[in-house]
Amino acid sequence: VAVALRTLLFVSRTGTAMRAVVDNADLAALNGAPPVAIARYSWMLGSVLAAIAGVLLASSIGQIDVIVLTFFVAGSYGCAVVGKLKSLPLTFAGAIALGLIKQYANFSFPWFTIPLLKVDDSNQIWNSVRTAIPGVFLFAALLLVPASKLSVGRVVGVRAPRVPDLRNSVVRAAIACGALGLLTAIAPDDRLADMQKAMIYALLLLSLVLLTGFSGQISLCQYVFMAIGAWAMGHVVGGDSLVGMVAAGLVAVPLGVIVALPALRLQGLYLALVTFGFAASSKYLLLENPNIFGKGNVEVGRLKLFGLDFHSDRSFFFLCGFVFIAFGVGVLAVKRGSIGRRLAALRDSQAACATLGLDVRRTKLLVFTMSAFVAGVAGALFGGQSGTAGSIQFEEINNIVLLLFAVVGGVTTVTGALFGGILFAVLPFVQSEYPEYAGVPFALVAVGAVALGRQPNGLAGVLFERFELYRERLRGSNSAPRRPTTGSEVEEITVVNLRPAPAPEVVSARA
């Protein structure tokens, strides 16, 4: 297969067109290569090779399931990254290296001990290291990838709902708190747990609104921040204090810094892979460590504050909703301020940011740490909702599902985070109450993600768009509604005309 693939890519016209389309699809089209047809051929060829690998894998291990296949594919990415997604010999060498490392790690070392730990703990850590080898291999391979070049020449025009000012944010938050109190009073007892999960996941999705929606950075390791936040909440000041909740966010910040380091060099697919590799490695090296979750679940209490006890399900639901509303107001404040403008500039064009003197690295570090803090606080509430927290609750594959729900709900708005949290809570409800239809919600969400591919604001964007049209009709506007574009909110800017003239001409424009 490797010889045939090499011949196809470097001898045939189709293979040459494949490589040209990867480099520059527009330029390849000008030279007679149809990008859509070439992409179709590439997908067909990749699917055939994956099917052949599946046949060989099934023959070697006898029985496979979706979890085994998922982690097998995740490990294979590390081999492809060794070849920089271009070189077949280097990819083959990476695959051989990973396979040999995994096999040699299966040997037992009775003499292997770690100072200050018992023999059983040392063996458990060694087993975790062996299991985490594919993730560590992927993470290490991505760190060796050359830094991404700054993309230039890209016109960005995304229209998102306008950010309300502070007064409107506070008024809307007060209305939301009133609606939350009413919902707390009338909600049925058997649905309170699902409603609590909806608010907790909505808060977790707020961390992706900051990171992905505002700055365009991708993260597939938010569950790691959530897990470490739940652990910190259970170990600080009795596990039910405000200090513990703040500590849950602060403990996740150093992990956010660690994840941000590769983001200083990588973008797009490489950044998504390195964050997922970090999640896969942390699952076994950190969360299953004997000193964290390795010896069992950690007991996490519900907040007690100024004589108020949120131990009951109704009061805890109100607490989760109130925390989400408070963080939502804070996220909108970030969006309105100078930090929000820097994040929007970072999302639109890193090259332009660097040209104008913006410290891109410091901005990335800042947004990753803020996102990790929000996810850590969500972990504190998550542990309080179930009473305990363990590593089995934070599977790394859930990070992909989390990003999917963020995109469907609307990763650019606080309302989108709420929609995504509600959708996330609906899934276990359908699986428990209607098991015969357990796969339907996943299919609907997947179809929704594809359908909303041209609407980056998700369901929330569709809702705001309809609301704007309805408001224009109420105003009696005779102008035809503008067709929504893809990009950031419409806002007034000043453009300087640089054509030779006695004096620079300053014109007002809408972008």
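Anyway, here's the lowdown on the structure attached to this text. (Residues numbered from 1 in each chain as written. Predicted model: local features only at pLDDT ≥ 70, side-chain atom pairs only at ≥ 80, totals over all residues. Heavy atoms only, no water.)

**With respect to the packing of aromatic side chains**
Here is step 1: For the structure shown, the criterion picks out six aromatic pairs.
Here is step 2: Judged by centre distance (5.4 Å) and plane angle (55 degrees), the rings of Phe-382 and Phe-394 are tilted. Taken together, the residues Phe-382 in helix H17 (residues 360-386) and Phe-394 in the loop between strand S4 (388-389) and helix H18 (398-409) connect sequence positions 12 residues apart.
Here is step 3: Chaining the aromatic ring pairs together yields one cluster made of Tyr-201, Tyr-223, Phe-382, Phe-394, Phe-405 and Phe-424.
Here is step 4: Taking the ring centre of Phe-10 as reference, the NZ or CZ of Arg-19 above it sits at 4.4 Å. (Phe/Tyr/Trp six-rings, centres within 6.5 Å; stacked < 30°, edge-to-face > 60°. Helix = DSSP H or I, 4+ residues; strand = E, 2+ residues; numbered from the N terminus. Lys NZ or Arg CZ within 6 Å of the ring centre and 35° of its normal.)

**Thoughts on the nonpolar core**
Here is step 1: Leu-203, Leu-206, Leu-381 and Phe-394 are the most contacted members of the largest nonpolar core, which totals 93 residues.
Here is step 2: In this structure, Phe-394 is in contact with Tyr-223, Met-226, Ala-227, Ala-230, Lys-283, Leu-287, Phe-382 and Ala-389, ignoring residues within four places of it in sequence.
Here is step 3: Among the nonpolar cores identified, the runner-up in size contains eight residues, and Leu-9, Met-18, Ala-28 and Ala-33 belong to it. (Core = buried A, V, L, I, M, F, W, Y, C linked by side-chain atoms within 4.5 Å. Buried < 20%, exposed > 50% of the residue type's maximum accessible area, 1.4 Å probe, protein only. Contact = heavy atoms within 4.5 Å.)

**Section: the side chain of Ser-219**
Here is step 1: Secondary-structure assignment places Ser-219 in the loop between helix H10 (192-215) and helix H11 (222-235).
Here is step 2: Among the residues examined, Ser-219 registers a relative accessible area of 1% and is labelled buried.
Here is step 3: From its side chain, Ser-219 meets the backbone nitrogen of Cys-221 in a polar contact 3.5 Å long.
Here is step 4: In this structure the side chain of Ser-219 is engaged in a polar contact, spanning 2.7 Å, whose partner is the side chain of Gln-222.
Here is step 5: Those residues in contact with Ser-219 that sit more than four places away from it in its chain are Leu-208, Leu-211, Thr-212 and Thr-275. (Polar contact = N/O pair within 3.5 Å; in protein donor to acceptor, adjacent residues only side chain to side chain.)

**Concerning a nonpolar patch on the surface**
Here is step 1: A surface patch of nonpolar side chains, amounting to about 390 Å² of accessible area, comprises Val-1, Val-48, Ile-52 and Leu-56.
Here is step 2: Relative to the assigned elements, Ile-52 resides in helix H4 (residues 35-61). (Patch = residues over 30% accessible without salt bridge, like charges linked within 9 Å, V, L, I, M, F, W, Y side chains within 5 Å. Areas by Shrake-Rupley, 256 points an atom, 1.4 Å probe, with all protein chains shown as cover. Salt bridge = Lys/Arg side-chain N within 4 Å of Asp/Glu carboxyl O.)

**Remarks on the side chain of Thr-275**
Here is step 1: On the secondary structure map, Thr-275 appears in helix H13 (residues 268-287).
Here is step 2: Judged by its relative accessible area of 1%, Thr-275 is buried.
Here is step 3: The contact partners of Thr-275, leaving out residues within four places of it in the chain, are Ile-218, Ser-219, Leu-220, Cys-221 and Val-259.

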